Amino acid sequence: MSQTTEQSASRAPTASKVILQAQGLAKHFVMGESVIHVLKGVDLAVREGEFVAIEGRSGSGKSTLLHIMGALDDADSGTLMFDGRDLLGASGRERSRIRNTEFGFVFQFYHLLPELNVTENVLISAMVQHGWLAYMRQRAQLRQRAKDILAELGLGHRLRHRPQQLSGGERQRVAIARALMNQPKVLFADEPTGNLDSETGRQIMDVLETLHREHKQTIIMVTHDRALAREADRVLVLNNGRLEKAQ
Amino acid sequence: MYKLHLILKYLRKRRIAWVSLAAVMLCTTMVLVVISVMGGWLRMFTASFQGLSGEVIVSARYPSGFPYYQEMAERIEQLPGVGPGGVVPVIRTFGLINIGNLKGDGVQVIGYPIDRIGAVNAFPQSLWRQHKRYLEALDKGELTETERYALGLKQREGERWPSFVPPLETEEKATPLTDAERRRLQELAEQGLANPSYALPYPDLVYETAARFASPRAPDAYVKSAPRWAGMIAGIGVIEIHRDERGRLIGRSDDLYQLPVKLTVMAIDPGGVTVDLRNKSERPYWIVDDSHTGVWQYDANTVYVPFEILQQDLNMAGVPDATDEAGNPAPVPPRTSELHIRVADGHDMNAVRDQVRSIVLEVYRQHGMSERTAPNVQTWRDTQAVFLNAIEKEKLLVTILFCIISLVAVFLIFCIFYMIVVEKTRDIGIIKAVGATREGVASIFLGYGLAIGLVGAGLGLLLAWLIVSNINELHAWLGRVFHLQIWDPQVYAFDTIPSTMDPVEVAWIMAVAVVSSVLGSLIPALRAASLEPIEALRYE
């Protein structure tokens, strides 16, 4: 397995700059009377174009770490720099803007909006990015881009379908398309195959790998599946609140 | 862009929101209909009662009237707020009528100097034969040949008089009015308005009809005197013109204007309030026109006769050459029941009332009469104050009641929106995860509330407009089907339910409906905005 990691590591773009850097990230949760320290000083540097997998047992805090790095959650302490900007100290509005334009998210449970069709679900991040006038001006191009991404992900025939009319794998591909719509610098994937059967999970992993390989997409993925994690450039294990290199 | 997109999607897809939309719509309709009917009633009341009297009224304290009214009128006309022709005497009494031996009734008798009354009130506008029928024909836009003859737009060869109402069996095809006919009708309507009269429309006719009613004892005298009889204008209810179940006025026929009427009035001794049966006056009249003021109390039991004739019959005309017991001249001045005064535009009604009051008291003093017996001087508003204030208070009360009911709609919207926010918690997380700000999320739900308010209030306005504009037909339908009579003209003074909407009131109610909807969605919107994205995404 370590061989695989080394092989993967060899694919890592070591010369590229660090795009996301976490230092001493800590987070605790209060559950009733007990306090659970999930993260106890996590250090991590992710380079542009790198595919990093964070592995860990269920409840180890890997999703929490991903959410903090993705500006979806706050840390108790530590620093988090994205492209030279302090993410933890940024205003809510700035964090929203970064989530919209610089980050893309793929969740275990897809999280698509049930009232919108496939194309609209993909376009939602573009709609958030642009005001009404700007959106209407670029509507044709944006729709075309959404269609292109969906076609590339094999969903060209599902454009007007609603999420509930799609299979799990298709839904996850729509979620990936939504995450890619605004050309994010970092794609966060939280157990992207966790809700899929192994074959469909394999297909989703192929999509992520293709993105990484062909489009040099920076990906940070958390998973509890060691085999899937091994497909990343670098595999880290979250253990007892700290990140360690995979054995 | 996403806000508008999601608002429209939620509006279309979330059927639960339609319940709040229906609540807003029904509340808006309910308030609009009630306020329109109440407000319309108040406006109609104000317009009609103002139209029935002068703006300032001098009215006697006794049924026998008050003297020296001509002197008062001359002086009042010199006031800058009145001007020449702005004072008209009116006599008001009660009498018994016998209409062509077909109907007998007790009526209110009003003596109007018909040529002058138009200067102080809108009575001439209520006259059918001399004014209204031309306007109605104009409104109709098309007439049959018979109707053209009836309205005097055409003359038949050799015809002595045209009948003024086409025979019922006529089934002629109506053709549109020509421009010349329109002009002529407008001219005739204006003529009637400017020169109302008690004149017999077709004097030739009366010889024939009078003969039918002539006393067997002296038929010749009766028939010979017939053309000299005075004219009477009857309220539509007196001559049984009434509304059918569709709200149309029916019952006007040629015969109406060919019936002799006997009016009996009793003079009242000016020295007191006793009735002397020897002072009974019976006089035959012709009905020359009918009046539809819209005010039920007037239309149902009032007849209008020439002022001088009524004054004479009531012994109110005075005796200029009377002498006292010692043989010295002691002229008895003529009396009237009321003076109706028009206040010129731009003058304060209350100020004119006070000036008129001073003149009245001064005239009484000059003639050595007690000021205590001087007539009352009031504005038309004063005379109707009890009624007007009661309606205004009732309207306010109803508005408050409906505002409280509307709070239920706000609460309903709050509950439904809260439910939607709870149900959509994960979606809120998704929207935030893709970059929506707190303000953005709050504005989705506020915008959703606004959209529901706008659509609900808009539909409510449409429904209210449909109800209000067809309220009399609806009322007639309820009467036909369920035998329900909600609007009793005896109680509400008018024979039709007001059916106008005041744009200012409509704008206010719509604004309150929209603001209420936004308020109802405010707390749920703030809750949605305050959700942390990751908490929302984790929500089960």
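### A few points about the interface of chain A and chain B
Then step 1. The interface of chain A with chain B comprises 29 residues on the first partner and 25 residues on the second.
Then step 2. Between chain A and chain B, the buried area comes to about 2,400 Å², and carbon and sulfur atoms account for 65% of it.
Then step 3. Our count for the contact surface shared by chain A and chain B stands at 3 salt bridges.
Then step 4. The residue R93 of chain A makes a salt bridge to E439 of chain B at a minimum N-O spacing of 3.2 Å.
Then step 5. Linking chain A with chain B are 6 residue pairs in polar contact (both at pLDDT 80 or more).
Then step 6. Of all the secondary-structure elements, those providing two or more residues to the side of chain A that touches chain B are α2 (62-69), α3 (92-101), α4 (118-129) and α5 (132-152) of chain A.
Then step 7. Per-element accounting of the side of chain A that touches chain B gives the leading share, 5 residues, to α4 of chain A.
Then step 8. Considering only residue class, the side of chain A that touches chain B consists of 14 nonpolar, 8 polar and 7 charged.

### Points about the pairing of strand β4 (residues 77-82) of chain A
Residue and element names in this part refer to chain A.
Then step 1. Examined bridge by bridge, strand β1 (residues 18-31) and β4 share 5 bridges and lie antiparallel to one another. Bridge assignment links L20 to a residue of β4, and that residue is F82.
Then step 2. Bridging between β4 and strand β5 (residues 85-86) involves 2 bridges; their strand directions are antiparallel. The residue of β5 that forms the bridge with M81 is D86.
Then step 3. Hairpin connection of β4 to β5: 2 residues between the antiparallel strands, including D83 at a positive phi of 50°.

### Re the sheet that holds β5 of chain A
Then step 1. Strand order across the open sheet formed by 4 strands is β2-β1-β4-β5 (chain A), with antiparallel pairing between neighbours. On the outer flanks of this sheet lie β2 (34-47) and β5 of chain A, each paired with one strand and no other.

### Remarks on the packing of α4 of chain A against α5 of chain A
When two helices pack together, you describe them by how their axes are tilted relative to each other and by the distance separating the axes.
Residue and element names in this part refer to chain A.
Then step 1. In the contact formed by α4 and α5, the axes pass within 10 Å of each other and the chain directions differ by 130°. Compared by their axis directions, α4 and α5 come out oblique. In this structure, α4 crosses over α5, and the sense of that crossing is right-handed. Contact residues: α4 offers V118, T119, V122, L123, A126 and M127, while α5 offers Y135, L142, R143, A146 and L150.
Then step 2. When grouped by side-chain class, the residues that make up the contact of α4 with α5 number 9 nonpolar, 1 polar and 1 charged.

### What to know about the packing of aromatic side chains
Residue and element names in this part refer to chain A.
Then step 1. What the rule picks out here adds up to 15 aromatic pairs over all chains.
Then step 2. Aromatic side chains F103 and F188 sit 4.9 Å apart centroid to centroid with 75° between the ring planes, which places their arrangement in the edge-to-face category. Separated by 85 residues along the polypeptide, F103 in strand β6 (residues 103-106) and F188 in strand β7 (residues 186-190) bring together distant segments of the chain. The same class applies to F103 and to F188, which are both buried.
Then step 3. Their ring planes at 5° and their centres at 5.9 Å tell us that F105 and F107 sit as a pair that is stacked. The pair F105 / F107 is uniform in exposure class, with both members buried.

### Re the domain arrangement of chain B
Then step 1. When the domains of chain B are assigned, the result is domain 1 (2-48 + 386-538) and domain 2 (61-127 + 196-374).
Then step 2. Computed from C-alpha coordinates alone, the two centres of domain 1 of chain B and domain 2 of chain B are separated by 51 Å.

### Points about unusual backbone geometry
Residue and element names in this part refer to chain A.
Then step 1. Residue D83 is not a glycine yet carries a positive backbone phi of 50°.
Then step 2. With respect to the helices, strands and loops of the structure, D83 is situated in the loop between β4 and β5.
Then step 3. The backbone of Q183 sits at a positive phi, close to 50°, despite the residue not being glycine.
Then step 4. Assignment of secondary structure puts Q183 in the loop between α6 (168-180) and β7.

### Some words on the side chain of R335 of chain B
Then step 1. Secondary-structure assignment places R335 of chain B in strand β13 (residues 335-336).
Then step 2. Beyond its immediate stretch of four places on either side in the chain, R335 of chain B contacts S64, G65, F66, P67, Y69, I91, I268, P270, Q311, L314, N315 and M316 of chain B.

### Description of the nonpolar core
Then step 1. Grouped together as the largest cluster of nonpolar side chains are 207 residues, with contacts concentrated most on L20, I54 and F103 of chain A together with I76, V356 and F445 of chain B.
Then step 2. A total of 14 residues in this core trace back to one element, the largest contributor, which is helix α2 (residues 15-52) of chain B.
Then step 3. Residues within four places of V356 of chain B in sequence aside, it is in contact with V56, V58, I76, L79, I341 and V377 of chain B.
Then step 4. Y134, A137, L188 and A189 of chain B belong to the second-largest nonpolar core, a separate cluster that totals 10 residues.

### Section: helix α1 (residues 2-13) of chain B
Then step 1. Here α1 of chain B spans 16 Å end to end across 12 residues, near enough to the 16 Å set by a 1.5 Å rise per residue.
Then step 2. What α1 of chain B keeps buried is the set Y2, H5, L6, I7, K9, Y10 and L11 of chain B.
Then step 3. Packing partners of the buried residues in α1 of chain B comprise α4 of chain A together with α2, α15 (425-433) and α16 (438-469) of chain B.

### Regarding empty space enclosed by the protein
Then step 1. Per the counting criterion, the structure on display carries 4 cavities of 30 Å³ or more.
Then step 2. Its volume calculated, the largest cavity comes out at about 100 Å³.
Then step 3. Lining the largest cavity are 13 residues; nearest its centre among them are F103, G104, F105 and A179 of chain A together with V434 of chain B.
Then step 4. Contributions of two or more residues to the lining of the largest cavity are made by α3, β6 and α6 of chain A together with α15 of chain B.
Then step 5. The greatest single-element share of the lining of the largest cavity, amounting to 3 residues, is contributed by β6 of chain A.
Then step 6. Classifying every residue of the lining of the largest cavity gives 7 nonpolar, 4 polar and 2 charged.

What counts as what
Residues numbered from 1 in each chain as written. Chains lettered and ligands numbered in written order. Predicted model: local features only at pLDDT ≥ 70, side-chain atom pairs only at ≥ 80, totals over all residues. Heavy atoms only, no water. Contact = heavy atoms within 4.5 Å. Buried area = accessible area lost by both parts, 1.4 Å probe. Salt bridge = Lys/Arg side-chain N within 4 Å of Asp/Glu carboxyl O. Polar contact = N/O pair within 3.5 Å; in protein donor to acceptor, adjacent residues only side chain to side chain. Helix = DSSP H or I, 4+ residues; strand = E, 2+ residues; numbered from the N terminus. Nonpolar A, V, L, I, M, F, W, Y, C, P; charged D, E, K, R; others polar. Pairing = 2+ DSSP bridges. Axes fitted to C-alpha atoms, helices over the stretch in contact; angles between N-to-C directions. Parallel < 35°, antiparallel > 145°, perpendicular 65-115°, else oblique. Left-handed = near helix turned anticlockwise from the far one by under 90°. Phe/Tyr/Trp six-rings, centres within 6.5 Å; stacked < 30°, edge-to-face > 60°. Buried < 20%, exposed > 50% of the residue type's maximum accessible area, 1.4 Å probe, protein only. Domains from an automatic or database assignment. Core = buried A, V, L, I, M, F, W, Y, C linked by side-chain atoms within 4.5 Å. Expected span 1.5 Å × (residues − 1). 1 Å grid on protein atoms, 1.4 Å probe; cavity = no way out; pocket = protein on both sides within 12 Å on 5 of 7 lines; lining within 4 Å. Points joined across faces, edges and corners; volume = space filled by probe spheres on them.

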